[in-house]
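# Fold and contact review
What follows is the residue order along each chain.
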Amino acid sequence: MGLLAERVGVRTPSLYKHVDGQEDLNRRIATLALNEAADAVGAAAQGHTGRDALAAAARAFRAYVLEHPGRYAATIGIEPSGPDDPLATASRRLLDSFTAVLRGYEIAENAEIAEPAEPDVDHALRTLRSLCHGFATLQSADAFQRSADIDESFEWLITFADRGLRAT
């Protein structure tokens, strides 16, 4: 906290007028990151369906992680304190953006109510998160050392996800 106070040009005790310590600061950073990512993904996918929505959302998510790797890293492993926690709200916003993308796919529908079956949507969301999170965080850590173009590899990922979602 002392380094942060120095960096923003205040004394450490003054910093505690705004945050309640390291944990509070981490929660605020994670909430900010999730809201920013939700805004980026939602705006990118809006007006698109199917593969176009998937590609726009995935590219926006990847761009966010690459542009803000530290902020995004703050979102990993932090749990909301309850349903009204701003962190929970921000997390739901990002999931809702990706859920909107899934509406362009025929994820196993419950015939009685003509809505996607909840477990299948959960599986699809986890799959998309794993693909996008994994690729973006590996790229942000400069972990792709092969000679193939990284952008081409990401387009392969989008095609792979699209084919998988169409096959469900």
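Thresholds applied
Along each chain, residues carry numbers from 1 onward, in the same order as the chain's sequence is written. In keeping with the predicted nature of the model, local features appear solely for residues at pLDDT of at least 70, side-chain atom pairs appear and are counted solely at 80 or more, and the whole-chain, interface and lining totals rest on all residues. Only heavy atoms go into the side-chain values, all of them from the structure, while hydrogens and water stay out. Side-chain atoms within 4.5 Å link the members of a nonpolar core, which is a set of buried Ala, Val, Leu, Ile, Met, Phe, Trp, Tyr and Cys residues. Any residue under 20% of the maximum accessible area for its type is buried, any over 50% is exposed, and the rest in between are partly exposed; the area is computed with a 1.4 Å probe on protein chains only. Counting from the N terminus, the helices are the DSSP runs of H or I reaching at least four residues and the strands are the DSSP runs of E reaching at least two. Residues count as neighbours in contact if any of their non-hydrogen atoms are within 4.5 Å of one another. The span one expects for a helix is its residue count, reduced by one, times 1.5 Å. Confidence of the predictor at the level of single residues is captured by pLDDT, which takes values from 0 to 100. Any pair of N or O atoms that falls within 3.5 Å is considered a polar contact. Within protein, one atom must be able to donate a hydrogen and the other to accept it, and sequence-neighbouring residues count only if both atoms are side-chain atoms. The arc in question is traced by the directions running from the helix axis to the C-beta atoms.

### Brief notes about the nonpolar core
Side chains of a nonpolar character, in soluble globular proteins, are inclined to be buried together. With 38 residues, the main nonpolar core has Leu54, Phe61, Leu94, Phe98, Leu102 and Leu165 as its most contacted residues. For this core, the secondary-structure elements that each account for two or more residues are α3 (22–45), α4 (50–67), α6 (86–102), α7 (118–140) and α8 (150–167). Not counting the four nearest positions on each side in its chain, Leu165 is found in contact with Leu54, Leu102, Tyr105, Ile107, Ala124 and Leu128.

### A word on α3
Residues spaced three or four apart along an α-helix face the same direction, because each turn holds 3.6 residues. The end-to-end C-alpha distance of α3, which contains 24 residues, comes to 34 Å, matching closely the 34 Å that a straight helix rising 1.5 Å per residue would cover. Taken as a whole, α3 has its buried residues at Asp24, Leu25, Arg27, Ala30, Thr31, Ala33, Leu34, Ala37, Ala38, Val41 and Ala45. Once α3 ends, the next one or two residues include Gly47, with phi positive near 90 degrees.

### Regarding the confidence of the model for the protein
Summary statistics for the protein give a mean pLDDT of 90 and a share of 93% for residues scoring 70 or more. Per-element confidence in the protein ranges from a low mean pLDDT of 47 for strand β1 (residues 109–110) to a high of 98 for α4. Overall, residues 110–114 carries pLDDT values under 50, and its contacts beyond four positions in sequence, including any with other chains, amount to 3 contacts.

### Some thoughts on the side chain of Thr75
Turning to its location among the elements, Thr75 is positioned in the loop between α5 (69–73) and α6. Using a relative accessible area of 10% as the deciding quantity, one classes Thr75 as buried. A polar atom in the side chain of Thr75 sits 2.6 Å from the backbone oxygen of Tyr72.

### Some points on α8
Helix length check: α8 (18 residues) gives 26 Å between terminal C-alpha atoms against 26 Å at 1.5 Å per residue, within 8%. Every buried residue belonging to α8 is among Phe154, Leu157, Ile158, Ala161, Asp162 and Leu165, and all of these are buried. Looking straight down α8, one finds its buried side chains confined to an arc of 130 degrees; they lie on one side. Seen from the buried face of α8, the exposed residues on the opposite side, beyond 90 degrees, are Glu152, Trp156, Phe160, Arg163, Arg166 and Ala167. Tucked inside the fold, the buried residues of α8 contact α4, α6 and α7. The backbone nitrogen of Asp151 lies 3.1 Å from a side-chain oxygen of the residue at the head of α8, namely Asp149.

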